[in-house]
Amino acid sequence: MGEEGEKLSTTVAAASDAGHATHSVPSRSDKRPVKPGSSRADRLSSFELADFPALTGREEDWRFTPLNRLAGLHLPDGDDARLTGAAPAVSVTELDGVTVETVGRDDARLGTVLTPDDRVSAAAWASFEQATVVTIGADVEATAPVRIDITGTGTAPAAQHLLVVAAPNSRADVVLQHRGSAVVSQNVEFDVQEGAGLNVTSLQSWDDGAVHVSAQQARIGKDASFKHVAVSYGGSLVRLTPTSRLAGQGGETEMFGLYFADAGQHLEQRLFVDHAVANCKSNVLYKGALQGQDAHTVWVGDVLIRKEAEGTDSYEKNQNLVLSEGTRVDSVPNLEIETGLIDGAGHASSTAQFDDEQLFYLMARGIEEQDARELIVRGFLHEIIQKIGIADVEESLIDQMDSELQVASF
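This structure is a prediction, so every number in the text was calculated from the model and none was measured.

Asker: Let's hear about the overall build of the chain: which residues, and what values?
Answerer: Counting its secondary structure elements, the chain contains 4 helices and 19 strands. Residues counted as buried form 57% of the 410 residues belonging to the chain. Considering only contacts within the chain whose residues lie at least 6 apart along the sequence, 83% involve residues at least 24 apart. When the accessible surface of the chain is split by element, carbon and sulfur atoms take 46% of a total near 16,500 Å².

As structure tokens, then:
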């Protein structure tokens with residue numbers, strides 16, 4: 001599999017902050033938008049729906065997304081409209097040291113991590129009535145995964161809001177399992193406080209006709225760690241925008257993703273890693289496979305290393321494996337560096353069919369061609385699955401990927 005990429009370090013990267021405005025996220029009391037500009041730091045963010053014009057499909061953030069398949073989640077009829085359908089049901093496992101609350105939209109904790117940065121996210125913020133807040137208490141080490149089951153039972157356009165708080169020095173695995181039938185715009189906040197460790201797995205295993213657009217934003221505090229694994233294989237259209245904001249020195253984030261698109265599916269991932277302070281690390285690896293007519297995947301990875309983020313160590317990579325004719329892959333890695341005083345930064349992207357040398361190696365040892373092809377795909381995908389670290393989730397995904405391969409015509 002060929003690869004196109006770039007590796008930058010302090011020896012080859014020069015500082016350049018010309019033309020980049022200072023970025024600030026508006027608070028709930030200050031709802032003035034941040035004006036967009038040439039830098040990822042200047043991206044529009046606001047709690048006000050009216051600050052985001054109606055979508056045309058020509059916007060950079062939406063040019064790969066088929067707007068006619070959003071089922072009205074972008075409120076094309078105007079800013080006075082709302083998403084009024086019933087949100088998918090939320091069920092959370094009970095664990096010692098973990099509290100679960102259902103709160104109104106006026107709860108002061110909501111919106112402290114996430115500020116909408118596109119029209120669909122802003123529509124969800126304007127429309128939700130209640131939110132689920134899950135808190136892992138200070139110094140608590142959860143003895144089992146915190147499982148948040150999100151089950152849809154309707155197709156009326158709906159809004160949903162979740163907040164997960166990892167209090168100082170806590171440790172927990174969290175599994176977001178999306179299933180059923182839904183048309184939903186979702187905002188999810190992860191508040192990873194000082195010294196905490198939070199590992200999140202977000203599974204998009206919707207029924208065939210589901211439409212799911214989800215902004216999942218994390219703020220990572222001092223000496224905290226955050227791992228986010230996104231796995232998408234269900235639904236008609238799924239668009240995730242995971243964000244990691246490194247807000248305290250010594251913070252680390254790992255962002256992994258796996259997606260398997262069949263005929264007619266649109267699976268889109270647009271992630272953002274914001275190195276806002278010094279001496280933080282980030283690592284991004286997303287892998288995708290496609291088969292069937294009009295299967296379409298999109299991956300856009302933005303990494304911003306701000307002027308203040310000296311000592312940063314960052315890398316992002318996207319790899320795609322094409323299993324049949326008639327598919328489409330869009331992969332765009334972006335790396336923006338405002339200081340040359342970093343340990344290293346780089347990005348890479350590749351899209352290819354099977355590696356003929358790997359195939360020849362296996363067949364030369366007596367393995368039938370079809371079996372050899374399946375082994376290569378399994379090895380390609382399992383690198384992400386094993387990042388999850390939860391045995392039953394990994395086993396379920398292995399079975400799911402195997403069932404996908406049974407209908408592959410490669």
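Moving on, there is more to tell.
Asker: Describe the nonpolar core, and please don't skip the residues or the numbers.
Answerer: Core analysis: the biggest nonpolar cluster contains 53 residues, and Val146, Ile148, Val164, Phe190, Leu198, Phe226 and Tyr286 have the highest contact counts within it. Here this core gets 4 residues from one element, more than from any other, and that element is strand β8 (residues 183–192). Apart from residues no more than four positions distant in its own chain, Val164 is found in contact with Val134, Ile136, Ile148, Val174, Glu189, Phe190, Asp191 and Leu198.

Asker: Outline the layout of surface pockets, listing residues and values.
Answerer: Estimated volume of the second largest pocket: approximately 280 Å³. Lining the second largest pocket are 19 residues, with Ala87, Glu129, Gln130, Ala159 and Gln160 sitting closest to its centre. Put simply, the parts of the chain that give the lining of the second largest pocket at least two residues each are β2 (89–92), β4 (130–136) and β6 (158–166). The leading source of residues in the lining of the second largest pocket is β6, at 4 residues. A breakdown of the residues in the lining of the second largest pocket according to their chemical character gives 10 nonpolar, 8 polar and 1 charged.

Asker: Give me the lowdown on helix α4 (residues 391–406), citing residues and values where you can.
Answerer: With 16 residues, α4 extends 23 Å from end C-alpha to end C-alpha; this agrees with the ideal 22 Å at 1.5 Å per step. The set of residues buried in α4 consists of Val393, Glu394, Leu397, Met401, Glu404 and Leu405. Burial along α4 is one-sided: seen end-on, the buried residues are contained in an arc of 110°. Of the exposed residues in α4, the ones pointing more than 90 degrees away from its buried face are Glu395, Asp399 and Gln406. The inward-facing, buried residues of α4 contact β5 (146–153), β7 (171–181), β9 (197–204), β11 (225–232), β13 (252–261) and α3 (369–385).

Asker: Tell me what's going on with the pattern of salt bridges, and back it up with residues and numbers.
Answerer: A full pass over the atoms with the stated rule returns 21 salt bridges. Taking the shortest distance from any N to any O, the salt bridge between Asp330 and Arg328 comes out at 2.8 Å. Between Glu369 and Arg373 there is a salt bridge, with its nearest N and O atoms 2.9 Å apart. A residue pair is termed a helical-turn pair when its members lie 3 or 4 positions apart in one helix, as Glu369 and Arg373 do in helix α3 at 4 residues. Through salt bridges that share partners, Arg43, Asp61, Asp117, Asp118, Arg239, Glu268 and Arg270 make up one connected network.

Asker: Go over unusual backbone geometry with me, naming the residues and quoting the values.
Answerer: Of note, Asp139 is a non-glycine position whose phi angle comes to about 65°, a positive value. Assignment of secondary structure puts Asp139 in the loop between β4 and β5. Although it is not a glycine, Asp294 sits at a positive phi angle of roughly 65°. Inspection of the secondary structure puts Asp294 in the loop between β15 (281–290) and β16 (296–305).

Asker: I'd like a description of the packing of helix α2 (residues 356–363) against α3, backed by residues and values.
Answerer: Direction vectors running N to C along α2 and α3 enclose 125°, while the axes themselves pass 9 Å from each other. Judged by the angle between their axes, α2 and α3 are oblique. Viewed along their axes, α2 and α3 form a crossing whose handedness is right-handed. Across the interface between the two elements, Gln358, Leu359, Leu362 and Met363 from α2 touch Glu369, Ala372, Arg373, Leu375 and Ile376 from α3.

Asker: Which residues make up the side chain of Arg306, and what values do they have?
Answerer: Structurally, Arg306 can be placed in the loop between β16 and β17 (313–322). For Arg306, a relative accessible area of 9% puts it in the buried group.

Asker: Which residues make up the packing of aromatic side chains, and what values go with them?
Answerer: Evaluated as defined, the whole model comprises 4 aromatic pairs. Centroid distance Phe47 to Trp125: 4.7 Å. Interplanar angle 55°. Geometry classified as tilted. You can see Phe47 sitting in the loop between β1 (4–8) and β2 and its partner Trp125 sitting in helix α1 (residues 119–127), a full 78 residues away along the chain. For the residue pair Phe47 and Trp125, the accessibility class agrees, reading buried in each case. Among the aromatic side chains, those forming a connected cluster through ring pairs are Phe47, Trp125 and Phe128. The ring of Phe272 carries Arg40 above its face, with NZ or CZ at 3.8 Å from the centroid. A cation over an aromatic ring shows up here: Arg365 above the ring of Tyr361, its NZ or CZ 3.7 Å from the ring centre.

Calculation rules
Residues numbered from 1 in each chain as written. Predicted model: local features only at pLDDT ≥ 70, side-chain atom pairs only at ≥ 80, totals over all residues. Heavy atoms only, no water. Helix = DSSP H or I, 4+ residues; strand = E, 2+ residues; numbered from the N terminus. Buried < 20%, exposed > 50% of the residue type's maximum accessible area, 1.4 Å probe, protein only. Contact = heavy atoms within 4.5 Å. Areas by Shrake-Rupley, 256 points an atom, 1.4 Å probe, with all protein chains shown as cover. Core = buried A, V, L, I, M, F, W, Y, C linked by side-chain atoms within 4.5 Å. 1 Å grid on protein atoms, 1.4 Å probe; cavity = no way out; pocket = protein on both sides within 12 Å on 5 of 7 lines; lining within 4 Å. Points joined across faces, edges and corners; volume = space filled by probe spheres on them. Nonpolar A, V, L, I, M, F, W, Y, C, P; charged D, E, K, R; others polar. Expected span 1.5 Å × (residues − 1). Arc of directions from axis to C-beta. Salt bridge = Lys/Arg side-chain N within 4 Å of Asp/Glu carboxyl O. Axes fitted to C-alpha atoms, helices over the stretch in contact; angles between N-to-C directions. Parallel < 35°, antiparallel > 145°, perpendicular 65-115°, else oblique. Left-handed = near helix turned anticlockwise from the far one by under 90°. Phe/Tyr/Trp six-rings, centres within 6.5 Å; stacked < 30°, edge-to-face > 60°. Lys NZ or Arg CZ within 6 Å of the ring centre and 35° of its normal.

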